[in-house]
Amino acid sequence: MADRRNPDVKDEQLDRARVPADEGYLTTQQGVRVDHTDDALTAGERGPTLLEDFHAREKITHFDHERIPERVVHARGAGAYGFFEPYDDSLARYTTAEFLTDPQVRVPVFVRFSTVAGSRGSADTVRDVRGFATKFYTRQGNYDLVGNNMPVFFIQDGIKFPDFVHAVKPEPPNEIPQAQSAHDTFWDFVSLQPESLHMVLWLMSDRALPRSYRMMQGFGVHTFRLVNAEGRGTFVKFHWKPVLGTHSLLWDECQKVAGKDPDFNRRDLWDCIEAGHFPEWELGVQLVEESEEFAFDFDLLDPTKIIPEEQVPVQPVGRMVLDRNPDNFFAETEQIAFHTANVVPGIDFTNDPLLQARNFSYLDTQLIRLGGPNFAQLPVNRPVADVHHNQRDGYGQQAIHKGQTSYFKNSLGGGCPALADSGAFAHYAEKVEGHKIRKRSESFQDHYSQATLFWNSMSEVEAEHIVAAFRFELGKVVEREVRARVVDRLNHIDHRLAGRVAEGIGVSAPAAEVTPNHGRSSPALSQLNQPNLTIDTRKIAVLVADGVDATGARRLADALRERGAEVEFLAPHEGELTAGHGDPLVPDRQLNTMASVLYDAVAIPCGPDSVRALSGDGYAVHFVAEAYKHAKAIAASGSGRELLRKAGVAERIADGTEVVTEQGVVTTGAAENTIPDEYVDSFAAEIANHRAWDRQTDAVPA
Ligand code: HDE
């Protein structure tokens, strides 16, 4: 029987009844106008509040229900919209996924970056893995690449995930510590699960301390499968490479930033997009023919392993740009729901046991987090592809499904929705056979070789940071036995590493080497081998006070801005500053509201009065000394050099108008209009180096 209502007539009548939306008055949820919302309805001026006050009750009731459960992991995050476009159709031989193969189509995306362990309100700059989850709104349906900024994971089988997460989360008796792995239960767990060690090394490395979400790599982690029009499969690993290079903070800096600006990474992403500095990544793939499945000395299905880039190069296939901030954090960033099983035709899974568990978990978790089965209708989750199905009702149903039939097969609804006769998802026809068994494959048993590979691939500085990180984290572990067990495990990775960690934490170093270091390395694993010598979007503080050489200060700032950097003038007070030379200058911020840890570099222009004031200001002196400790580029011109002396930094400072560059510190006696280009060029070059590693002041004793 056909639908008896005429939906078009009904909509027209409704439209006529609708009040113009642009009046903007406060109303109740029912649209009744409200002219007073500061006082509840009471019986007399000093009397009891009346139950009849539907406006007050509705307002408070809604407030009482504003919170939804935070994500059980990755609760803390920040997101943005953008687009992805493939460079060409070269992947068409491997996949039918249109968004990877049609360069004419720009696919909208939403990306959410996150930390893993901390609560929704925890600090950004903790030592942790970062989530890097991308939703591609493609014409063939939504595809989610739910990755991390590290290419491996702690465990091989998803059944251990609850154990792992319980171990890393704050401990049950007192919910301490927040957003940190530096506590007993984490180290107890990983020391008893040697498969976690490769990832633990990544976690102890600088990768766990990204300078910016815009400056970190992303990885799909698992081996996935591309499937072409003939149904042929090809193994694939996905990589995101940031155009700005991969850069990290120092651990000491991270801890301070967590207090000075707990929203450091979130703010950085937001501000850059607002300023039009759109972050960009290149998508790359490692492709492995099915015939090569067993050509490696590890199992492609094991998510604790990488395919070294030197063995299978990463081929660039497209780019992603994030160019729009969300309008509402809750509606978009909080309500976005990723799911590894959101795949489109041409992309399929493998039997990686971690991936298989994730394919269950993500849908399940949204049901409680977003309160029912209709979360795909939330604006941020809605596909751009047409959606037709017979799923009905449930909490939060937004659609008004019309018609009599909600089942398949039907004749009463004209057989709609019909089964697709083209463009449908076809599961890869993998042949599978085996006994039901709870047993990890033998090919998953080597837990150390790639941890050693990672360790061998680090530059000296990165290796130092890893040793320092182990000492810090294990230094917080109360149980000596757990500390010793970790050292024992490290001895399987590298004897020297185990010894150096042991020394710092009061544990005896292992006497003998258990597994000789294989000596292999993969240069692509070192961040320092992925330099990107640009100062684009770097933040530079220029310290100024009354009497500053405004001409010299502006000259430096303009030249750095021309190269894409963000420059801010910081002064002991806000409001116009008198200038020793040039026009008065208005600082951007008050010095004591900021800190050197929030900038990439610092400059001190000339101006005897200005420098005298700054030298007597503890914030300014500390600012420079701290930037020095964190190996940041520092520049001083004219009398600005005095502040360097006061802060006790720099080995060699220019005497005259020549430019001296020593371990990231650039100085010249010149000022005002005479500042040479070489001064600006050298400072920019030092900033582009990210840090002057040769003057690290907190290295671990050898
Ligand atoms: Fe997740 N993970 N995960 N994970 N994961 C979640 O989904 C889970 C794993 C990752 O910004 C949860 O919506 C299991 C690996 C990211 O919204 C949950 C296992 C990788 C995000 C979940 C893993 C990730 C999550 C929590 C082991 C990197 C944030 C709330 C089998 C490749 C997505 C939610 C966002 C979030 C389960 C392992 C990345 C509970 C069971 C490996 C980036 O479903």
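Small disclaimer: the values here were computed from a predicted structure and weren't measured.

### Looking at the coordination of the iron atom of the ligand
A lone protein donor contacts the iron atom of the ligand, and this donor is Tyr362 (OH), found at 1.9 Å. Inspection of the secondary structure puts Tyr362 in helix 10 (residues 353-369).

### Points about helix 17 (residues 618-629)
Owing to its 3.6 residues per turn, the α-helix aligns residues three or four sequence positions apart on the same side. In this model, helix 17 (twelve residues) spans 16 Å end to end at C-alpha, consistent with the 16 Å of a helix rising 1.5 Å per residue. Within helix 17 the residues assigned to the buried category are Ala620, Val621, Phe623, Val624, Glu626, Ala627 and Tyr628. For helix 17, the side-chain oxygen to backbone nitrogen distance between the N-cap and Tyr619 is 2.8 Å, and the N-cap itself is Asp617. Ala631 lies just past helix 17 and shows a positive phi near 60°.

### A few points about the pattern of salt bridges
For the structure on display, the rule yields 39 salt bridges. Arg211 is paired through a salt bridge with Asp600; the nearest N and O atoms lie 2.8 Å apart. With Arg211 in the loop between helix 6 (197-204) and strand 5 (218-219) and Asp600 in the loop between strand 15 (589-590) and strand 16 (601-604), the pair connects residues that are 389 residues apart, well separated along the chain. Between Glu290 and Arg225 there is a salt bridge; the shortest N-O distance is 2.6 Å. Of this pair, Glu290 sits in the loop between strand 8 (280-289) and strand 9 (315-324) while Arg225 is found in strand 6 (residues 224-227), placing the two residues 65 residues apart along the sequence. A relative accessible area of 25% means that Glu290 is categorised as partly exposed. Each of Arg211, Arg214, Asp268, Arg538 and Asp600 takes part in a single network of salt bridges with overlapping partners.

### Overview of the pairing of strand 2 (residues 107-115)
In terms of burial, strand 2 is a largely internal element, eight of the nine residues being buried. Pairing of strand 2 with strand 3 (residues 130-138), which is carried by seven bridges, proceeds in the antiparallel orientation. Paired with Val109 across the strands is Phe136, a residue of strand 3.

### Some words on the nonpolar core
Formed by 89 residues in total, the largest nonpolar core has its most connected members in Phe154, Trp187, Phe470 and Leu644. Element by element, the count of residues in this core is highest for helix 6, at seven residues. For Trp187, the contacting residues outside a window of four places in its chain are Ser181, Ala182, Val200, Met204, Phe470, Glu473, Leu474, Val477, Val482 and Val486. Residues Val105, Met216, Leu287 and Leu322 belong to the second largest nonpolar core, which totals 38 residues.

### Things to note about the site of the ligand
Residues in contact with the ligand amount to 23 residues; listed here are only the nearest, Arg71, Arg112, Arg358, Tyr362 and Gln366. For the ligand, an oxygen atom lies 2.7 Å from a polar atom in the side chain of Arg71. Side-chain polar atom of Arg358 to a nitrogen atom of the ligand: 3.4 Å apart, as the coordinates give it. Where the shell around the ligand is concerned, the elements lending two or more residues are strand 3, strand 4 (141-148) and helix 10. Of the residues forming the shell around the ligand, the biggest block, seven residues, is contributed by helix 10. Along the lines of polarity and charge, the residues of the shell around the ligand split into eleven nonpolar, nine polar and three charged.

### Looking at the packing of helix 6 against helix 12 (residues 460-475)
Contact pair helix 6 / helix 12: the axes reach a minimum separation of 8 Å and the direction vectors enclose 100°. The angle between helix 6 and helix 12 falls in the class roughly perpendicular. Each of Val200, Leu201 and Met204 in helix 6 lies in contact with helix 12, whose residues at this interface are His465, Ile466, Ala469, Phe470 and Glu473. Tallied by class, the residues present in the contact of helix 6 with helix 12 amount to six nonpolar, one polar and one charged.

### Considerations on the domain arrangement of the protein
Assigned domains of the protein: these are domain 1 (45-377), domain 2 (448-529) and domain 3 (539-695). The straight-line distance from the C-alpha centre of domain 1 to that of domain 3 is 38 Å. In this complex, domain 1 contributes 14 residues to the contact, which on the side of domain 3 involves 14 residues. Of the roughly 1,200 Å² buried where domain 1 meets domain 3, counting both sides, 56% is carbon and sulfur surface. Counting across the domain 1 and domain 3 interface gives four salt bridges. Run the count over domain 1 and domain 3 and you get seven residue pairs in polar contact (both at pLDDT 80 or more). Per element, the largest residue contribution to the side of domain 1 that touches domain 3 is five residues, and it comes from helix 7 (residues 251-260). Partitioned by chemical class, the residues of the side of domain 1 that touches domain 3 number five nonpolar, three polar and six charged.

Reading guide: rules and limits
Residues numbered from 1 in each chain as written. Predicted model: local features only at pLDDT ≥ 70, side-chain atom pairs only at ≥ 80, totals over all residues. Heavy atoms only, no water. Donors = N, O, S within 2.8 Å, 3.2 Å for Na, K, Ca; no water. Helix = DSSP H or I, 4+ residues; strand = E, 2+ residues; numbered from the N terminus. Expected span 1.5 Å × (residues − 1). Buried < 20%, exposed > 50% of the residue type's maximum accessible area, 1.4 Å probe, protein only. Polar contact = N/O pair within 3.5 Å; in protein donor to acceptor, adjacent residues only side chain to side chain. Salt bridge = Lys/Arg side-chain N within 4 Å of Asp/Glu carboxyl O. Pairing = 2+ DSSP bridges. Core = buried A, V, L, I, M, F, W, Y, C linked by side-chain atoms within 4.5 Å. Contact = heavy atoms within 4.5 Å. Near = heavy atom within 4 Å. Nonpolar A, V, L, I, M, F, W, Y, C, P; charged D, E, K, R; others polar. Axes fitted to C-alpha atoms, helices over the stretch in contact; angles between N-to-C directions. Parallel < 35°, antiparallel > 145°, perpendicular 65-115°, else oblique. Domains from an automatic or database assignment. Buried area = accessible area lost by both parts, 1.4 Å probe.

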